[in-house]
Amino acid sequence: MATDIKDVVIIGGGIAGFFTAYFLGKAGIRSTVVEQDSVGSHASGFAYGGLSALGGVGIPGPNWPVAREGMRLHRDLALSLPDETGVNTEYRAKSSLTLAFTEQEALAAEAVLAWQQRQEGYASRWVDSVEARSIEPRVSEDVLGAIHLVGNAEVEPYRLMLALAQAVEKLGATVRHGKVTGLKRDGEKAVAVVLESQEIPCDRVVIAMGPWSGETSAWLGVPIKVTPLKGQILRLHAPGPPIDCSVGWSGNYATTKLNGQLWAGTTEEEVGFDETPTSEARDTIMAAL
């Protein structure tokens, strides 16, 4: 791929930053990833790792094309990344059960079901209480029914980050650690990324700072209204066979990972950048579970 872009600095060493470096490297463009902490040390390395294109904010709606393309890329990379790096990202297809316990929840499921059934590569259907419990016998007897969806997948987030870190370095990217404090400009063009003790010259800048993106408002002169939302996950040793599908209800989920642990979550807490686990979140998640 011919290009006059020589040097790109990517601010943020999470999933977005490293995927950007990966695809730039594949296009022959050199990049430097700047991470304040360690690679994948926040949400990117410790998230649930569920890959579902048919649900979430803006789906159906404006986020659907991005989600669909993201799933396609994950399927491709599940084959190529382990070959490139020797790291098993533990990608695997996994069906899901989205439970309904009230008539309102059942109507909401029905409203999206017809759209899901039109999407190529997925199989989505309504199952009643009996069939839902035949798929996963530990589902509560109070369930009215569920959407059973085939076509989703999961990945082990920290392994994916390790694989990406190795892959981008093989492609010629550099990983630097430090806190970015601003951008150096020549008119409207950014010509360097400013760290606390140095500057990194560049032709282009990619901001991939996740919930820290709000810090760039002062650099850019534009309000970037992004704030963190804390989510906690429990990793449990549970009796009985694995939960082979991903069971979800009202923003909560549970599934068994390849290491045998039952992962359950989650919370949504507006508490800034406090990452401390809490007993209140544990009790909330256990009650939903």
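Data block above holds the structure.
Per chain, residue numbering runs from 1 following the sequence as it is written. For a predicted model such as this one, the threshold for reporting local features is a pLDDT of at least 70, and the threshold for listing and counting side-chain atom pairs is 80 or more; totals across whole chains, interfaces and linings nevertheless cover every residue. As a rule here, side-chain values cover all heavy atoms of the structure and leave hydrogens and water aside.

As a further point, take the layout of surface pockets. Size it by volume and the second largest pocket reaches roughly 480 Å³. Lining of the second largest pocket is provided by 26 residues; of these, Arg 138, Ile 243, Val 247, Ala 254 and Leu 289 occupy positions nearest its centre. Runs of E in the DSSP output that reach at least two residues are strands. Runs of H or I that reach at least four are helices, and both are numbered from the N terminus. Within the residue set of the lining of the second largest pocket, elements represented by two or more residues are β15 (246-249), β16 (252-256), β17 (262-265) and α8 (279-288). Ranked by residues supplied to the lining of the second largest pocket, first place goes to β16 with four residues. Residue composition of the lining of the second largest pocket, by class: 17 nonpolar, seven polar and two charged. Both cavities and pockets are sets of points on a 1 Å grid over the protein atoms alone; in a cavity a 1.4 Å probe fits but cannot get out, in a pocket the set is open with protein on both sides within 12 Å along at least five of seven lines, and lining residues sit with an atom within 4 Å of a point. Grid points are joined across faces, edges and corners, and a volume is the space filled by probe spheres set on the points. Throughout, the ten residues Ala, Val, Leu, Ile, Met, Phe, Trp, Tyr, Cys and Pro are labelled nonpolar, Asp, Glu, Lys and Arg are labelled charged, and all others, Gly among them, are labelled polar.

Let's shift gears to the pattern of salt bridges. Salt bridges are defined as contacts in which a side-chain nitrogen from Lys or Arg sits within 4 Å of a carboxyl oxygen from Asp or Glu. Tallying each qualifying case throughout the model produces 14 salt bridges. Ionic pairing is found between Arg 138 and Glu 136, a salt bridge with its closest N-O pair at 2.7 Å. Using a 1.4 Å probe on the protein chains alone, a residue whose accessible area is under 20% of its type maximum counts as buried, one over 50% counts as exposed, and one in between counts as partly exposed. By relative accessible area, which is 42% here, Arg 138 ends up partly exposed. Classification of Glu 136 as buried rests on a relative accessible area of 4%.

Turning to empty space enclosed by the protein, a few remarks are in order. According to the stated counting rule, one finds two cavities of 30 Å³ or more in the structure shown. In this model, the largest cavity occupies a volume close to 40 Å³. Together, Phe 19, His 74, Leu 77, Ala 78, Leu 81, Thr 89, Tyr 91, Val 155 and Leu 160 line the largest cavity. Take the lining of the largest cavity: its biggest share by element is four residues, from helix α3 (residues 64-85). Partitioned by chemical class, the residues of the lining of the largest cavity number seven nonpolar, two polar and no charged. Volume-wise, the second largest cavity comes out at about 30 Å³. Forming the boundary of the second largest cavity are Glu 90, Arg 92, Glu 154, Val 155, Glu 156, Lys 257 and Leu 258.

Further remarks concern the packing of aromatic side chains. Pairing of aromatic rings covers Phe, Tyr and the six-membered ring of Trp, with a centre-to-centre limit of 6.5 Å; geometry is then stacked below 30 degrees between planes, edge-to-face above 60, and tilted otherwise. One pass over the full model with this rule turns up seven aromatic pairs. Pairing Tyr 22 with Phe 23 gives two aromatic rings, centres 5.3 Å apart and planes at 85 degrees, and the pair type is edge-to-face. Owing to a relative accessible area of 36%, Phe 23 belongs among the partly exposed residues under this scheme. Any Lys NZ or Arg CZ found within 6 Å of a ring centre and within 35 degrees of that ring's normal is scored as a charge over the ring. Residue placement shows Lys 257 over the ring face of Tyr 48; its charged tip is 5.2 Å from the ring centre. One Lys or Arg, Lys 257, reaches over the ring of Trp 263 and ends 4.6 Å from the middle of that ring.

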